[in-house]
Amino acid sequence: MLCSVSIDLDPISCYYRIHALGSSPRSLCDVILRRAVPRFLDVFSRHNIKATFFVVAEELEERAGKQAARALVREIVAAGHEVGNHSFSHPYELARLPRARVVEEIGRAHVLIGDATGTPPVGFRAPGYDISADMLDELCHLGYRYDSSIFPAPGYYLAKVGVMFALFALGKKSGAVLTDPRALVASPSPYRPDRSAPWRKGNAPIIELPIAVTPWLRLPAIGTSLLLAPPRIRAHWLEQMRRRPFFNLELHGIDLIDAERDGIPAELVARQPDLRVSLSSKQRAFEATLGRLMLEYEFVTLGEAAGGYGA
Ligand SMILES: [Zn+2]
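Conventions used here
- Residues numbered from 1 in each chain as written.
- Predicted model: local features only at pLDDT ≥ 70, side-chain atom pairs only at ≥ 80, totals over all residues.
- Heavy atoms only, no water.
- Helix = DSSP H or I, 4+ residues; strand = E, 2+ residues; numbered from the N terminus.
- Expected span 1.5 Å × (residues − 1).
- Buried < 20%, exposed > 50% of the residue type's maximum accessible area, 1.4 Å probe, protein only.
- Donors = N, O, S within 2.8 Å, 3.2 Å for Na, K, Ca; no water.
- Tetrahedral: all angles 85-135°; square planar, octahedral: opposite > 155°, others 65-115°.
- Salt bridge = Lys/Arg side-chain N within 4 Å of Asp/Glu carboxyl O.
- Lys, Arg positive; Asp, Glu negative; His and termini not counted.
- Polar contact = N/O pair within 3.5 Å; in protein donor to acceptor, adjacent residues only side chain to side chain.
- Axes fitted to C-alpha atoms, helices over the stretch in contact; angles between N-to-C directions.
- Left-handed = near helix turned anticlockwise from the far one by under 90°.
- Contact = heavy atoms within 4.5 Å.
- Nonpolar A, V, L, I, M, F, W, Y, C, P; charged D, E, K, R; others polar.
- Pairing = 2+ DSSP bridges.

A. Summary view of helix α4 (residues 99–117). Along its 19 residues, α4 runs 27 Å from first to last C-alpha, staying within 8% of the 27 Å computed at 1.5 Å per residue. V102, E105, I106, G107, A109, H110, L112, I113, G114, A116 and T117 are the residues of α4 that are buried.

B. Just the coordination of the zinc ion, in detail. Protein coordination at the zinc ion comes from D10 (OD), D10 (OD), H86 (NE2) and H90 (NE2), with a distance range of 2.1 to 2.3 Å. In this structure, the zinc ion is surrounded by four donor atoms whose angles at the metal cover 56 to 140°, and the resulting shape is irregular. In terms of primary sequence, the donors binding the zinc ion are separated according to D-x75-H-x3-H. Of this pair, D10 sits in the loop between β1 (2–9) and α1 (12–18) while H86 is found in the loop between β3 (82–85) and α4, placing the two residues 76 residues apart along the sequence. Among the residues examined, D10 registers a relative accessible area of 4% and is labelled buried.

C. Just unusual backbone geometry, in detail. The phi angle at N48 is positive, at roughly 55°, despite the residue not being glycine. Mapping N48 onto the fold places it in the loop between α2 (31–47) and β2 (52–55). Look at W216: it is not a glycine, yet its phi comes out positive at around 65°. When its relative accessible area of 74% is taken as the criterion, W216 is described as exposed.

D. Structural view of the pattern of salt bridges. A complete count under the given rule lists 20 salt bridges for this structure. The closest approach of N and O atoms between D262 and R39, which form a salt bridge, is 2.8 Å. Here R39 lies in helix α2 and D262 lies in the loop between β9 (246–252) and α9 (266–269), a separation of 223 residues in the sequence. The exposure class of D262 is buried, given its relative accessible area of 5%. Given the relative accessible area of 11%, R39 is considered buried. Because the salt bridges share partners, they merge into one network encompassing E61, R101, E104, E105 and R108.

E. Quick look at the side chain of E208. Take E208: it is sitting in strand β8 (residues 207–208). One buried charged residue, E208, remains without a salt bridge, the closest side chain of opposite sign being R125 at 7.6 Å. At 3.1 Å, the side chain of E208 and the backbone nitrogen of S149 are in polar contact.

F. Highlighting the packing of α2 against helix α10 (residues 279–294). In contact at an axis separation of 11 Å, α2 and α10 are set at 30° when each is read in the N-to-C sense. Seen along the crossing, α2 lies across α10 with a hand that is right-handed. Taking contact as the criterion, the partners of R39, F40, V43, F44, R46 and H47 in α2 are, on α10, L279, Q283, F286, E287, L290 and M294. Taken together, the residues of the contact of α2 with α10 sort by class into seven nonpolar, two polar and three charged.

G. Region of interest: the environment of F151. Relative to the elements of secondary structure, F151 occurs in the loop between β5 (146–147) and α6 (154–169). It is 9.7 Å that separates the C-alpha atoms of F151 and W199, two residues lying 48 residues apart in sequence. Apart from residues lying up to four places away in sequence, F151 is in contact with Y129, Y156, L184, I211, A212, V213, P220 and I222.

H. Seen up close, the pairing of strand β7 (residues 197–201). Judged from the two bridges that link them, strand β6 (residues 193–194) and β7 form a sheet pairing that is antiparallel. Among the inter-strand pairings, D194 is bridged to a residue of β7, identified as A197. Counted between consecutive antiparallel strands, the loop separating β6 from β7 contains two residues.

I. Representation of the environment of L217 within the structure. Looking at the secondary structure, you find L217 in the loop between β8 and α7 (223–228). Sequence-wise, L217 and G155 are 62 residues apart; in three dimensions their C-alpha atoms are separated by 8.4 Å.

Limitation: the analysis is restricted to geometry and does not speak to function.
Next comes the structure, spelled out in structure tokens:
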């Protein structure tokens, strides 16, 4: 059985947008990269796991103050991990923007990541898991081997509706955008998508690697839920996942952030339950999860997994 661990490095400004909190403090613009990436690299090196990091490429632009981000991305690659494209500026509404913006967001990130790492990325994850036909078409055009954005989890979708509605009731607008609901019934196992309908099977020259959901109920088997779940529930979920030959375990940089130590403002901590859990507790849960998975799974990057599925 194969397992790929991936980390979406959404900057803190993304969370401010989702929760309608306005602009994030400038001093924290790269806090996720700066504080969380070394923690992930440390865990992976101790367990000898190669993972995939999805980078929001705006952080790599050639301008003052961004050298540290480029150095960190090079460190990720030097440690044997893969760096994937998570768009240039992470617009949650990318799937609804004109094709020219889609091409620009994917293309700019493609060039910046290639420049920073020396190797152009071959994998993409859409902001907010919302992959569109235009995006898939552009990825095929650039010769990408895989997309990993489909997240067929109806429960997660409903939870997002709940958060957006709660904000709406307060007269605020969440920056989050609902994914195309057709993705909720997509295959939970890797497949070759239809170029004009990414949630359907077809014959595009690219592989879709859906993010893990449990069998039957399709609960999100992602880092945030696994790290926050009580150990018994986590063990149950991992047991359920054994029915799937490929486990695409997705995390976010913020999963290894410590609100207190990393100076996260109280306004965001109040909105993000995972920020109210200590780093040591989340690290313990993460290592326990990896330790359990290592007994049965071979760990590969998403790029390697895509290769195994014929990309
Ligand atoms: Zn993201």
